[in-house]
Amino acid sequence: LMSNKKPEAIFEYPSMSDALWLREQRNRPELMRWFRQRFPITEKEQIEWYTNIDIERTKPFIIWNNDVRIGYVGLNPIDKNHSHAEFGIFIISEYQKKGYAETAVKFILNFGFNELLLHKIYSDAFDLFGSAWPFYEKLGFKKEGCLIEHYYKDAKWIDSIVFYMLREDYDKKYNNHGNERLPN
């Protein structure tokens, strides 16, 4: 039986220990296959990433369930001039298919559109098994296109599906109104 209860999730800015946990997760083979990185991330690279976060262009969040880190969601890069941002997400395998990804995507959409006043949020996902697109489509994203043989992973070129949501689409689906908000 599937419960209709929304999963409990808390979103927090990462600490250094969270950043090191992120590295461990990103280097797990079952997760790494979904990331753009081709090689494992070193501890030095991860510490450099964390200490050099540009808070104006990056909004990272660790996803917690009770006292357990279960994933990451964030906006990077944020382009204030053109009012758009790319988002990224992952949920560790033990918590996948339990509603956390949907909760996290809705959180980052709300944050991007209602806190940062963005016009567009977009991302891309490897089209390895065709499983990612239906998930994002259900949440209201529209397909922008396909990047053909855009990434080189596991000794082969792979395609990536690009998808987006505009503020007006977000408002229609999630806010039930169409108030135009202009960026600062």
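Residues numbered from 1 in each chain as written. Predicted model: local features only at pLDDT ≥ 70, side-chain atom pairs only at ≥ 80, totals over all residues. Heavy atoms only, no water.

Another aspect to go through is the overall build of the chain. The secondary structure content of the chain amounts to six helices and seven strands. For the chain, the succession of helices and strands along the chain, N to C, is β-α-α-α-β-β-β-α-β-α-β-β-α. A buried classification covers 43% of the 184 residues belonging to the chain. Taking all contacts inside the chain whose residues are at least 6 apart in sequence as the whole, residues at least 24 apart take part in 62%. (Helix = DSSP H or I, 4+ residues; strand = E, 2+ residues; numbered from the N terminus. Buried < 20%, exposed > 50% of the residue type's maximum accessible area, 1.4 Å probe, protein only. Contact = heavy atoms within 4.5 Å.)

Ordered by their spatial adjacency, seven strands build an open sheet running β1-β2-β3-β4-β5-β7-β6, and the pairing between neighbours is mixed. Of all the strands in the sheet, the pair left with one neighbour each is β1 (10-12) and β6 (142-153). Direction aside, neighbouring strands of the sheet carry axes that sit 25° apart on average. As paired strands, β6 and strand β7 (residues 156-166) are joined by eight bridges and run antiparallel to one another. (Pairing = 2+ DSSP bridges. Axes fitted to C-alpha atoms, helices over the stretch in contact; angles between N-to-C directions.)

On to helix α4 (residues 100-115), then. Between the first and last C-alpha of α4 there are 21 Å, a value that for 16 residues agrees with the 22 Å anticipated at 1.5 Å per step. Note on α4: the residue one or two positions beyond its end, Leu117, has a positive phi of about 60°. (Expected span 1.5 Å × (residues − 1).)

This next bit is on the pairing of strand β5 (residues 120-126). In terms of burial, β5 is largely enclosed, as seven of its seven residues are buried. Residues Lys120, Tyr122, Asp124 and Phe126 of β5 are buried on one face, and the alternating residues Ile121, Ser123 and Ala125, pointing to the opposite face, are buried as well. Two strands pair when backbone bridges link them, and strand β4 (residues 84-91) and β5 are joined in this way by three bridges, in the parallel orientation. For Ala85, the partnering residue across the bridge sits in β5 and is Ile121. Between the parallel elements β4 and β5, the chain passes through α4 in a crossover that is right-handed. By the bridge criterion, seven bridges tie β5 to β7 in an arrangement that is antiparallel. Across the sheet, the residue bridging to Ala125 is Ile161, located in β7. (Right-handed = clockwise from strand over helix to strand, strands pointing away.)

In this structure the tally under the stated criterion is 18 aromatic pairs. Ring plane angle 75° and centroid distance 4.9 Å describe the contact between Phe135 and Tyr136, whose orientation is recorded as edge-to-face. The class for Phe135 is partly exposed, based on a relative accessible area of 23%. Members of the aromatic cluster, each reached through a chain of ring pairs, are Phe87, Trp133, Phe135, Tyr136, Phe141 and Phe163. Just above the ring of Tyr164 sits the side chain of Lys120; from NZ or CZ to the centre is 5.4 Å. (Phe/Tyr/Trp six-rings, centres within 6.5 Å; stacked < 30°, edge-to-face > 60°. Lys NZ or Arg CZ within 6 Å of the ring centre and 35° of its normal.)

For the rest of this paragraph, the subject is the environment of Lys153. By secondary structure assignment, the location of Lys153 is in strand β6. Under the relative-accessibility criterion, Lys153 is labelled buried at 8%. Distance from Lys153 to Phe35, taken between C-alpha atoms, is 9.3 Å for residues 118 residues apart in sequence. Discounting chain neighbours no more than four positions away, the residues touching Lys153 are Met32, Arg33, Phe35, Gln37, Phe126 and Ile158.

All right, on to the pattern of salt bridges then. Between side chains of opposite charge, a pair can form as their charged atoms come close. Throughout the structure, instances matching the rule amount to eight salt bridges. With a shortest N-O distance of 3.3 Å, Asp169 and Lys142 are connected by a salt bridge. Highlighted residues: Asp169 in helix α6 (residues 167-175) and Lys142 in strand β6, separated in sequence by 27 residues. For Asp169, a relative accessible area of 13% corresponds to the buried category. A relative accessible area of 38% places Lys142 in the partly exposed class. Via salt bridges that share partners, Glu102, Lys106 and Lys138 belong to a single interconnected network. (Salt bridge = Lys/Arg side-chain N within 4 Å of Asp/Glu carboxyl O.)

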